[in-house]
Amino acid sequence: MTTVLVLADLTPAGVRSATLELLTVARGLGDPAAVVLGTPDDAAVASLGEYGATTVYAVSSPGADDLLSVPKVDAVAAVAAATSPSAILITSGSEGKDVAARLAVRLGGGIVTDAVSVAAEGETIVATQSIVAGTYHATTEVISGPAIVTMRPNATAASAAPVTPTVQNLDLPVSDAAKGAAITARNAKVSSGRPELTDAAVVVAGGRGIGSAEGLAVVESLADALGGAVGATRAITDLGWAAHDIQVGQTGKTVAPALYVAAGVSGAIQHRAGMQSSKTIVAVNKDANAPIFQIADFGVVGDLHSVLPALVQLVQARRG
Ligand code: FAD
C-alpha cells in the first residue's frame, strides 16, 4: 500500500478536527502517515493514531515557529522524499493552500485545492470540488504525482480507526528559503469561547435582517445554544454590526458545517459562495421570496427576533 501523507495541524487544545478528517480520507487512499512540524506530545500522537496514522513524522526545525509556511513545505518535502507518497493531504485555508502550491512546484505533483472528497481509482487519485457557488461538482484526476490536495474542513466526518503509531523523529535545519519572511509580532485574538468559524460543525449567521449591531445578540445566543460559531454577511460587517473576520462568502470565509442557520440573510450569490456546501441549511427570513430559500433544506418565514429566541428555548429544553 502506498503512503498518504497528512500535514497535521496541532493547536494548544490538541489536534485540529480538520486533520482527523484528512486522516479519515487518507485511510481510503493508502497507508496514512502524519507529518508534524515540531514535537507532538503523547496526547497528540494518540489522537493521530486513533484516526489511523500508522506513522507520525515529527520534524524538528528549531526557529521554524517564527517563520511562515516554508518550514512546513520543507518538512513535508523531506518526508515525501523518504516515503514516495501517492498523495499529500492538507487542510484548505490560506496557509494550507500556500504550502500545497509550493509543494506542487517542488515535487512536480498535480494540485487540487478546496476538495470536498478524494478517492483512489486504481492508482489514480481523484478529487472533487464544489464550484460556482456550489452549483457544480468538478471531478479531477491527478495525473502527475504525488497528488497534492487541500480539503475543506467539515467536508467529511472524521471517524476513528485506532492504531498505535510509530513515531519517527527527523531533524531538519531551517532552510535559507524559509528565512525570507519572519513573524515579528503576535497579538492574541480575544477568544469568544466559540469554535473556529471554518472548523465549526454548526454556524449561525446573521444578515441585515438583524436590524442593528445589538440584533447580533439573538444570533449569538442561538449559536451558543447549539455550540456553534457565529457568521455574518458582508452587509453587516460593512455596517460595523459584526467583525470582518466572521464574514462568510466570496470575499470572506468558506464554511461547510453540518448545520448552517442563515437568519435575516437574503442569500446573495456572493454569500452563497461561502456556505452553499453546508450539509443542512436552515433559513429564517420574513420574505418568503428571499433567494436563500432556494438552497435551504428547512425554512421559516418569520421575524428572526421571535423565531430565534423560540429556537433557543426549544434547544435548551431538549438539552435539559
Ligand atoms: P440583504 O440583502 O439586505 O438581506 C437582508 C434580508 O433580511 C432580506 O432577505 C430580508 O427579507 C431579511 N429580513 C429583514 N428583516 C428581517 C427580520 N426581522 N427577520 C427575518 N428576516 C429579515 N456578501 C457576503 O455575505 N459575503 C461576501 O463575501 C460578499 N462578497 C461580495 C463581493 C462582491 C464583489 C460584491 C459585489 C458583493 C459581495 N457581497 C458579499 C455582498 C452581497 O452581494 C450582498 O449584498 C450581501 O450578501 C447581502 O447581505 P444580507 O443578506 O445581510 O442583506
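Before going into details, it helps to say that this report is about the structure given with it. (Residues numbered from 1 in each chain as written. Predicted model: local features only at pLDDT ≥ 70, side-chain atom pairs only at ≥ 80, totals over all residues. Heavy atoms only, no water.)

### Re the pairing of strand S1 (residues 3–7)
Step number 1: Of all five residues making up S1, five are buried, and the element is well covered by its neighbours.
Step number 2: Of the two faces of S1, both are covered, the one formed by Thr3, Leu5 and Leu7 as well as the one formed by Val4 and Val6.
Step number 3: Of the strand pairs in this sheet, S1 and strand S4 (residues 31–37) are connected by five bridges, and their pairing is parallel. The partner of Leu7 across the bridge, within S4, is Val35. (Buried < 20%, exposed > 50% of the residue type's maximum accessible area, 1.4 Å probe, protein only. Helix = DSSP H or I, 4+ residues; strand = E, 2+ residues; numbered from the N terminus. Pairing = 2+ DSSP bridges.)

### Points about the pattern of salt bridges
Step number 1: What the rule picks out here adds up to 10 salt bridges.
Step number 2: Arg16 is the partner of Asp9 in a salt bridge, and the nearest nitrogen-oxygen pair spans 3.0 Å.
Step number 3: Linked by salt bridges that have partners in common, Asp9, Arg16 and Asp199 make up one network. (Salt bridge = Lys/Arg side-chain N within 4 Å of Asp/Glu carboxyl O.)

### Concerning the sheet that holds strand S13 (residues 229–232)
Across a sheet, paired strands are connected by hydrogen bonds in the backbone, their directions being either parallel or antiparallel.
Step number 1: Read across the open sheet, the five strands follow the order S13-S12-S14-S15-S16; overall the sheet is parallel. On the outer flanks of this sheet lie S13 and strand S16 (298–301), each paired with one strand and no other. In this sheet, neighbouring strand axes are inclined to one another by 15 degrees on average, regardless of whether the strands run parallel or antiparallel.
Step number 2: As paired elements, strand S14 (residues 259–263) and strand S15 (residues 280–285) share five bridges and run parallel to each other. For Tyr260, the partnering residue across the bridge sits in S15 and is Ile281.
Step number 3: Relative to strand S12 (residues 202–206), helix H5 (residues 216–226) is tilted by about 175 degrees, and along the sheet it contacts S12, S13 and S14. (Axes fitted to C-alpha atoms, helices over the stretch in contact; angles between N-to-C directions. Contact = heavy atoms within 4.5 Å.)

### Considerations on the nonpolar core
A general trend in soluble globular proteins is that nonpolar side chains are found buried together.
Step number 1: The biggest cluster of nonpolar side chains holds 43 residues, and the ones touching the most others in it are Val204, Val219, Tyr260, Met275, Ile292 and Leu308.
Step number 2: Among the elements of the structure, S12, H5, S13, S14, S15 and helix H8 (304–319) are those that each provide at least two residues to this core.
Step number 3: Sequence-distant contacts of Val204, that is, excluding residues within four places in its chain, are made with Val219, Leu222, Ala223, Leu226, Ala229, Val230, Gly231 and Val261.
Step number 4: One finds Ala44, Ala87, Met151 and Ala155 within the second-largest nonpolar core, a separate group that totals 31 residues. (Core = buried A, V, L, I, M, F, W, Y, C linked by side-chain atoms within 4.5 Å.)

### Some points on the packing of helix H3 (residues 70–83) against helix H4 (residues 94–107)
Step number 1: At a minimum axis separation of 9 Å, H3 and H4 run at an interaxial angle of 45 degrees. Viewed along their axes, H3 and H4 adopt a mutual orientation that is oblique. Handedness of the H3/H4 crossing: right-handed. Facing Val70, Lys72, Val73, Asp74, Val76, Ala77 and Ala80 of H3, the residues of H4 in contact are Glu95, Val99, Arg102, Leu103, Arg106 and Leu107.
Step number 2: Here the contact of H3 with H4 is built from residues that sort into eight nonpolar, no polar and five charged. (Parallel < 35°, antiparallel > 145°, perpendicular 65-115°, else oblique. Left-handed = near helix turned anticlockwise from the far one by under 90°. Nonpolar A, V, L, I, M, F, W, Y, C, P; charged D, E, K, R; others polar.)

### Some thoughts on H3
Step number 1: Between its terminal C-alpha atoms H3 stretches 20 Å, which fits the 20 Å expected from 14 residues at 1.5 Å a residue.
Step number 2: Among the 14 residues that make up H3, 11 are buried, leaving the element largely enclosed by the rest of the structure.
Step number 3: Among the residues making up H3, those that are buried are Val70, Pro71, Lys72, Val73, Asp74, Ala75, Val76, Ala77, Val79, Ala80 and Thr83.
Step number 4: For H3, the elements touching its buried residues are S1, S4, strand S5 (55–60), strand S6 (87–91), H4 and strand S11 (166–171).
Step number 5: Trailing H3 by a residue or two, Ser84 shows a phi angle of about 45 degrees, which is positive. (Expected span 1.5 Å × (residues − 1).)

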